[in-house]
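# Summary of the model geometry
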Amino acid sequence: ANWLYLSRLAATKEIAFMRCLREAGFPVPEPLDQNRHCVVMSLVNAYPLTQIRELRNPGKIFAKLMELHIRLAQCGLVHCDFNEFNVMIADDEELTLIDFPQMVSTSHANAAYYFDRDVECLRLFFERRYGFAASSVPTLADCTV
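Residues numbered from 1 in each chain as written. Predicted model: local features only at pLDDT ≥ 70, side-chain atom pairs only at ≥ 80, totals over all residues. Heavy atoms only, no water.

What follows concerns the side chain of Thr96. With respect to the helices and strands, the residue Thr96 is situated in strand β6 (residues 95-97). Residue Thr96 is classed as buried on the basis of its relative accessible area of 15%. Residues in contact with Thr96, not counting those within four places in the same chain, are Pro27, Val28, Pro29, Val44, Asn86, Val87 and Met88. (Helix = DSSP H or I, 4+ residues; strand = E, 2+ residues; numbered from the N terminus. Buried < 20%, exposed > 50% of the residue type's maximum accessible area, 1.4 Å probe, protein only. Contact = heavy atoms within 4.5 Å.)

Right, here's the structure in full:
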């Protein structure tokens, strides 16, 4: 398939997910418009987590991220790319999630794999970057709807 066509499909999915997630109270940018392969959203006054060298309380931020990941699953969704590149953090350490076109349903055949991969990605990042070791992490089975 043509890359521009696939990009347009991804943009269509992205804005649809952003609208739904925003309506459900998730911390996502405000989706404004979409045309062809472009999505226009509100400016996020934050930085990608990957650029942040130090956090006041890494355990608290990790717990917030896991809560958001669980909430997504309770809404029937797995992000599939929930990592330090797709989490924005403001100076006051408020979080914003981005990048949604690859999300799948919790009923997807590989949902548990993607959920666990997302958790492991952030767990390793927090351990390596901030020296924070989580005592436990959620699984998709823990997320009762």
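Next comes the rest of the description.
It is worth spelling out the pattern of salt bridges at this point. A complete count under the given rule lists three salt bridges for this structure. Glu120 is the partner of Arg123 in a salt bridge, and the nearest nitrogen-oxygen pair spans 2.6 Å. Placement of the pair is Arg123 and Glu120 together in helix α3 (residues 111-130), with a separation of three residues, close to one helical turn. On the basis of relative accessibility, which here comes to 33%, the residue Glu120 falls in the partly exposed class. Here Arg123 and Glu127 are joined by a salt bridge, their closest N and O atoms 2.8 Å apart. With Arg123 and Glu127 both in helix α3 and four residues apart, the pair spans about one turn of that helix. Each of Glu120, Arg123 and Glu127 takes part in salt bridges that share partners, so that together they form one network. (Salt bridge = Lys/Arg side-chain N within 4 Å of Asp/Glu carboxyl O.)

Bringing helix α1 (residues 3-23) into the picture now. Spacing of three or four residues puts side chains on the same side of an α-helix, whose turn is 3.6 residues. With 21 residues, α1 extends 30 Å between its outermost C-alpha atoms, agreeing within 8% with the 30 Å of an ideal straight helix rising 1.5 Å per residue. For α1, the complete set of buried residues consists of Ala11, Glu14, Ile15, Phe17, Met18 and Leu21. The arc that holds every buried residue of α1, seen down its axis, measures 165 degrees, which confines them to one face. In α1, the exposed positions angled more than 90 degrees off the buried face are occupied by Cys20 and Glu23. Elements in contact with the buried residues of α1: β1 (31-35), β2 (38-41), α2 (58-74) and β4 (77-78). Gly25 sits one or two residues past α1 and shows a positive phi near 90 degrees. (Expected span 1.5 Å × (residues − 1). Arc of directions from axis to C-beta.)

Our next topic: the sheet that holds strand β5 (residues 87-89). The sheet built from three strands is open, its strands ordered β3-β5-β6 with antiparallel pairing. Two strands bound the open sheet, and with one partner strand each, they are β3 (47-48) and β6. (Pairing = 2+ DSSP bridges.)

As for its placement among the helices and strands, Glu84 is situated in the loop between β4 and β5. Here Glu84 is buried and forms no salt bridge, its nearest opposite-charge partner Arg129 lying at an N-O distance of 6.7 Å. (Lys, Arg positive; Asp, Glu negative; His and termini not counted.)

Taking 1.5 Å per residue as the helical rise, α2 with its 17 residues ought to reach 24 Å, and the 24 Å between its terminal C-alpha atoms agrees with that figure. Those residues of α2 not exposed but buried are Pro58, Gly59, Ile61, Phe62, Leu65, Met66, Leu68, His69, Leu72 and Ala73. Where the residues of α2 are buried, they touch α1, β4, β5, β6 and α3. One or two positions beyond α2, positive phi appears at Gly76, with a value near 90 degrees.

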